[in-house]
Every structure is written in structure tokens, then in C-alpha cells.
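A look at the structure
Residue strings, one per chain:
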Amino acid sequence: MPARPVLAAALGGAALLCALATPALATPALAGPAAAAPGESVTVDSTARLAADGTLTLSGTYRCLPGTGPVFVSSSVSQADPRVRHGIGGSAARCDGVEHRWANSGKVSAETLTAGAAHVQANVMELRPSGLVPLPVFHATRDRDITLVRS
């Protein structure tokens with residue numbers, strides 16, 4: 001089975017578990033940043049590339065400590081309405097205490113996003129084994145205002 005559908009299903013399931021387990025965090029106004037452990041971080045570059053076909057590429061760096069499950073860097077963007085977030089890809093992360101680059105790409109409708117100011121959230125999340133269902137553990141979260149640039 002291709003890796004992308006499996007990754008998308010795992011991240012979607014983890015997001016659903018988070019929403020069900022913590023209803024207060026499902027409301028964007030109440031969600032707070034995850035506290036990163038010492039030595040763990042995620043950054044978001046100040047500009048992102050927006051192609052004519054709607055493909056957006058977000059990037060930055062991350063650093064995380066080893067865990068017991070697979071780890072991913074997820075990202076989302078909002079523009080006109082901060083309550084509407086568009087998930088932009090997800091990539092596997094290597095948690096070894098060293099800083100690494102990440103880049104996620106995703107396609108949204110060409111009319112949905114435009115060049116200019118936007119807001120990005122990036123997360124480093126581990127799917128930690130816990131019985132039958134792996135539970136999401138957030139290593140680091142970052143919110144940042146950026147600029148979308150047509151490429």
C-alpha cells in the first residue's frame with residue numbers, strides 16, 4: 001500500500017482522537033500551544049511558495065528527542081478566516097536531537113489562497129503505542145504569520 005494514504009489515515013485518526021479526547025481543544029479560540037520539552041522545537045519559514053495550480057509548499061526546521069512511535073511534522077494554513085484551516089501535507093520526522101529541515105506541500109483550490117499574509121501552524125507529533133490505538137503526543141507546536149508568494 002502506498003505510504004501517503006497510510007500517513008494521511010494515521011494523521012487523520014490522530015487528529016480525530018485529539019478532538020474526541022479533549023473537546024476544549026477542538027475550539028481554535030481555546031487551543032494553546034503545546035509546551036515543547038527542552039531541546040525540542042519546530043519553526044516555520046517566513047515565506048511560502050504558492051503555485052498557480054494551488055499547490056502550497058510550507059517549510060521550516062524541527063528538532064525532537066527519540067520516542068517510541070512514528071513522528072510526523074504536520075502543517076496547516078489559514079488566510080481570510082482564522083477559523084478555516086487548510087491542512088498542508090505531512091512528513092515523517094527523525095527524532096535524534098538534531099535540527100532537520102521539513103517541507104510539506106498540498107494542493108488547495110487556486111481561488112482559496114492568494115499571495116499575501118497568511119497564518120501557519122506546524123506540529124511535531126508522535127503516534128505513541130498505547131494498547132490497540134496509538135495516541136498522539138505533541139513534541140512541539142509553532143504558530144506564525146507568514147507571506148505567501150506566487151511561484
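Shown above is the structure to which this text applies.
Summary of the structure given here. (Residues numbered from 1 in each chain as written. Predicted model: local features only at pLDDT ≥ 70, side-chain atom pairs only at ≥ 80, totals over all residues. Heavy atoms only, no water.)

**Comments concerning the overall build of the protein**
To keep things clear, this is the line we draw: Helix and strand assignments follow DSSP, with helices taken as H or I runs no shorter than four residues and strands as E runs no shorter than two, numbered in order from the N terminus. Each residue is placed in one exposure class: buried if its accessible area under a 1.4 Å probe, protein chains only, is under 20% of its type's maximum, exposed if it is over 50%, and partly exposed if it falls in between. Every residue pair with non-hydrogen atoms within 4.5 Å of one another is taken to be in contact. Here the Shrake-Rupley method, with its probe set to 1.4 Å, supplies the accessible areas, and only the displayed protein chains count as covering residues.
Summing up its helical and strand segments, the protein has one helix and eight strands in all. When the elements of the protein are put in sequence order from the N terminus, they spell out α-β-β-β-β-β-β-β-β. Put simply, the protein has 151 residues, and 34% of those count as buried. In the protein, 68% of the contacts between residues at least 6 apart in sequence involve partners at least 24 apart. Carbon and sulfur atoms make up 61% of the accessible area of the protein, which totals about 8,300 Å².

**As for the pattern of salt bridges**
The condition is simple: Any Lys or Arg side-chain nitrogen found within 4 Å of a carboxyl oxygen on Asp or Glu counts as a salt bridge.
The full count for this structure, using the stated rule, is six salt bridges. Of the charged contacts, one joins Arg-83 and Asp-81 as a salt bridge, the two residues approaching to 3.1 Å between their closest N and O atoms. A relative accessible area of 26% places Asp-81 in the partly exposed class.

**Considering a nonpolar patch on the surface**
Stated precisely, the cut-off is as follows: A patch consists of residues exposed above 30% relative accessible area that lack any salt bridge, with like charges linked at up to 9 Å and nonpolar side chains (Val, Leu, Ile, Met, Phe, Trp, Tyr) linked at up to 5 Å.
Taken together, the side chains of Leu-132, Val-133 and Leu-135 define a hydrophobic patch exposed on the protein surface, amounting to about 330 Å² of accessible area. For Leu-135, the position within the fold is in strand β8 (residues 135-150). The class for Leu-135 is partly exposed, based on a relative accessible area of 40%.

Limitation: the analysis is restricted to geometry and does not speak to function.
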